[in-house]
Each structure stands twice: as C-alpha cells, then as structure tokens.
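Here are the chains, one letter per residue:
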Amino acid sequence: MSEALAASQASGAGTGTVPAPASGARQFWRRLRTQRAALVAAVVVLLLVLVALAAPLLTALEGQDPTTYHPHLVDSARGGVPLGSFGGISADHWLGVEPQTGRDLFARLVHGARVSLGVALAATVVQVLIGVVVGVAAGLGNRLLDQVLSRVTDIIVAMPLMIMALALLAIVPSDFPRPVLVALIIGLIAWGSTAKIVRAQTITLKELDYVAAARLSGWSTWRIARRELLPALAAPVITYAALLVPVNITIEAALSFLGVGVKPPTPSWGQMLTSADVWYQAAPQYLLLPAGALFVTVLALTVLGDGVRTALDPRAASRLRIGTGRKGEARA
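What comes next is a walk through the structure. Predicted model, so just to flag it, every value in this text is computed and none were measured.

## Re the overall build of the protein
- Regarding its fold elements, the protein presents 14 helices and two strands.
- Sorting the 332 residues of the protein into buried and exposed places 42% on the buried side.
- Counted over contacts in the protein with a minimum sequence separation of 6, partners at least 24 positions apart contribute 72%.
- Surface summary for the protein: the accessible area is close to 17,300 Å², and the carbon and sulfur share equals 68%.

## Section: the nonpolar core
- In this structure, Ile-249, Trp-269, Tyr-286 and Leu-294 are the most contacted members of the largest nonpolar core, which totals 28 residues.
- The element that contributes the greatest number of residues to this core is helix α13 (residues 284-312), accounting for nine residues.
- Not counting residues up to four positions away in its chain, the partners in contact with Ile-249 are Ser-116, Leu-117, Ala-120, Leu-294, Thr-297, Val-298 and Leu-301.

## Considering a nonpolar patch on the surface
- There is a patch of nonpolar side chains on the surface, built from Val-43, Leu-46, Leu-47, Val-49, Leu-50 and Leu-53 and spanning about 560 Å² of accessible area.
- Take Leu-47: it is sitting in helix α3 (residues 36-53).

## Here we look at the packing of helix α4 (residues 55-62) against helix α5 (residues 105-140)
- For the pair α4 and α5, interaxial distance at closest approach is 9 Å and the crossing angle is 175 degrees. Here α4 lies roughly antiparallel to α5, going by the angle between them. Listed contacts from α5 to Ala-55, Pro-56, Leu-58, Thr-59 and Glu-62 of α4 are Phe-106, Ala-107, Val-110, His-111 and Arg-114.
- Of the residues that constitute the contact of α4 with α5, the class distribution is six nonpolar, two polar and two charged.

## Quick look at the packing of aromatic side chains
- Within this structure, the stated rule accounts for one aromatic pair.
- Measuring from centroid to centroid gives 5.0 Å for Trp-94 and Phe-106, while their planes differ by 55 degrees, and the two rings are tilted. Taken together, the residues Trp-94 in the loop between β2 (81-82) and α5 and Phe-106 in helix α5 connect sequence positions 12 residues apart.

## Structural notes on the pattern of salt bridges
- This model, assessed by the stated rule, comprises six salt bridges.
- As a salt-bridge pair, Glu-98 and Arg-103 come within 2.7 Å of each other at their nearest N and O atoms.
- Judged by its relative accessible area of 3%, Glu-98 falls in the buried class.
- By relative accessible area, which is 9% here, Arg-103 ends up buried.
- Salt-bridge contacts for Arg-199 lead to Asp-146; the nearest nitrogen and oxygen are separated by 2.8 Å.

## Some thoughts on the side chain of Gln-64
- Secondary-structure assignment places Gln-64 in the loop between α4 and β1 (74-75).
- Apart from residues lying up to four places away in sequence, Gln-64 is in contact with Thr-59, His-70, Asp-92, His-93 and Asp-104.

Rules and cut-offs
Residues numbered from 1 in each chain as written. Predicted model: local features only at pLDDT ≥ 70, side-chain atom pairs only at ≥ 80, totals over all residues. Heavy atoms only, no water. Helix = DSSP H or I, 4+ residues; strand = E, 2+ residues; numbered from the N terminus. Buried < 20%, exposed > 50% of the residue type's maximum accessible area, 1.4 Å probe, protein only. Contact = heavy atoms within 4.5 Å. Areas by Shrake-Rupley, 256 points an atom, 1.4 Å probe, with all protein chains shown as cover. Core = buried A, V, L, I, M, F, W, Y, C linked by side-chain atoms within 4.5 Å. Patch = residues over 30% accessible without salt bridge, like charges linked within 9 Å, V, L, I, M, F, W, Y side chains within 5 Å. Salt bridge = Lys/Arg side-chain N within 4 Å of Asp/Glu carboxyl O. Axes fitted to C-alpha atoms, helices over the stretch in contact; angles between N-to-C directions. Parallel < 35°, antiparallel > 145°, perpendicular 65-115°, else oblique. Nonpolar A, V, L, I, M, F, W, Y, C, P; charged D, E, K, R; others polar. Phe/Tyr/Trp six-rings, centres within 6.5 Å; stacked < 30°, edge-to-face > 60°.

Geometry only, nothing functional implied.
Below, the structure is given as structure tokens:
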C-alpha cells in the first residue's frame, strides 16, 4: 500500500474502533493449519528435502556410494539378476542392488533425489524470475511494449516444451553440466504461463487506488513496481510456483527417461526408470523404488501447492475434500 494511504490509515487507527489485523504470515499459517492434507504433504516434502541434502551422509552411513559396481552381487548367468532375496537386500545394501551393475540402490535413490528436486527447484526459479519481469513490464508498459511482450509470451506458450527440450539437449556439448542444462532449458522454455498470470494481475492491480495515488505522487514506474506491485504479486506467484515444482520434476524425469536428460553415472529417478523398464519381472524393486519416490514427491508437492493456494486466497475453496477442516477454515 502507498505511503500516503498508509499514513492516513495510521492516523485513524488511534481511535480504538478498528482492531489491528493479524500479520500476513500469521493469517497464512492459521489458514494453512486448517488444511490437514497440506500439513502432511509439507512434512513429506520436508523429509524428502532433508534426505536429498543428507544424501552423502546417509550413503556414508550405509558404507556405499552411487557409482561403485559390485559384479559379484549379480548372477551373470541369468543376465545380471541380483543375487539373494528381494533384489539383494542385506545389511550392506539396504534396498538391494541394481541389476547387471550391482550398484547400491539406496545410494542411487537418495542421490537421485538431489538431482530431481534440485533441477525442478532451479527450473522453477528461472521460470518465475523471467515470468515476473516480463509480466510486470507488459502490464505496466505502454501499448506497444505490452503488445510485443504479449506476442512473445504467446509464442513461448505455444512452443511444445518436450520437443524443444529434446532438440536443445541433443545439440549441447556433452561436457556441459547436465543437471544445470536441464534446469535452464525447462526454465527458459516454460516461463510463458507465469508471465501471463503476472501480466493479468499487474493490469488489475494498477487500477487500484493506492497504485493510482503512488502514480499521482510522481513515483517512477520502477518504484511503483517495486514498492506497490511486487508485494501484492507475491501471493499468486508463490501459489503458482508451488504448483510448478511437481510439474518440473515430471518433466525432468521424462527427459531422463527418454535418454536426453541427466546422463550416467549421475543418478536421477527418471534415468533409473529408463534402465528399469526391462527388469520389472526379474527385479521389480528396481522399477518400483524410483517410481514410488517420484509418485510420492509429485503427490506431496501437488497437495502442498493446493494448500498454499487456499491459504493465500481464502476466497478459493480447496480442491481437496479429504483432510480439509471446514470449521477450521471458517474460524481462520
């Protein structure tokens, strides 16, 4: 809110007739607590992040690493099927070993979480940064700038993400760090939807009284955007970013599954699924472990994103009927 309007409200607050509203963070937390499914999802996401960050410590505790081959743990006469029961699970290999190579599955799974989550988060940051800059510039700019940026955004939205990513990943030199490249390509191709949302919100916000008051006070466009619009845009941008993360995890997994994403020996869940598609009968845990981790991660992030959306916008009802406290929502 502009400084002029804020000052007038502050002068009228001393009458004692208007109670002081709770802070935005406190209101957000109060509404989020009513979303029980979102709280469970937040705990799951936090655990996944901790596992990803502590992957070297966890694998050191197990005494394994994600790249060492153990050929003596697989049966070469049967095509490389792991020896022992349940895929070679033992005290030294907590989740068994990989067919043919004998690499430790637990080590590859937790290190794959670092790659999958890191790529998704980095791509989301790139998408949001470009989308916010382009959207705010289009919403606040003159008619010509708005038309140019809107047409560029339409072209970006119309581009087939997977086909463009496949083409770009195929021509980039192999010595470029693959996780960084995948994150950059996803972010640089998929920012169009974010820009459209930010532009629409910016056009709505700039017609409000406090933005008009700032404009009449002689503030520059940059100052209006920084002091008035960006704080108001935080809620919809955060909501959309929370929903982008699981989408980007799925895209990274799909690119790795197609063989153009993260390259061996760097582990990722999509790459593990690529190698496991022929082992679903002989070694089903090799397929089920990365698929289950990917499913749980995407589901938890999607539920958390819906909870964040509902907490930031109390007028929007949650899409989740299970785990949503209606009485708690009314109190919040």
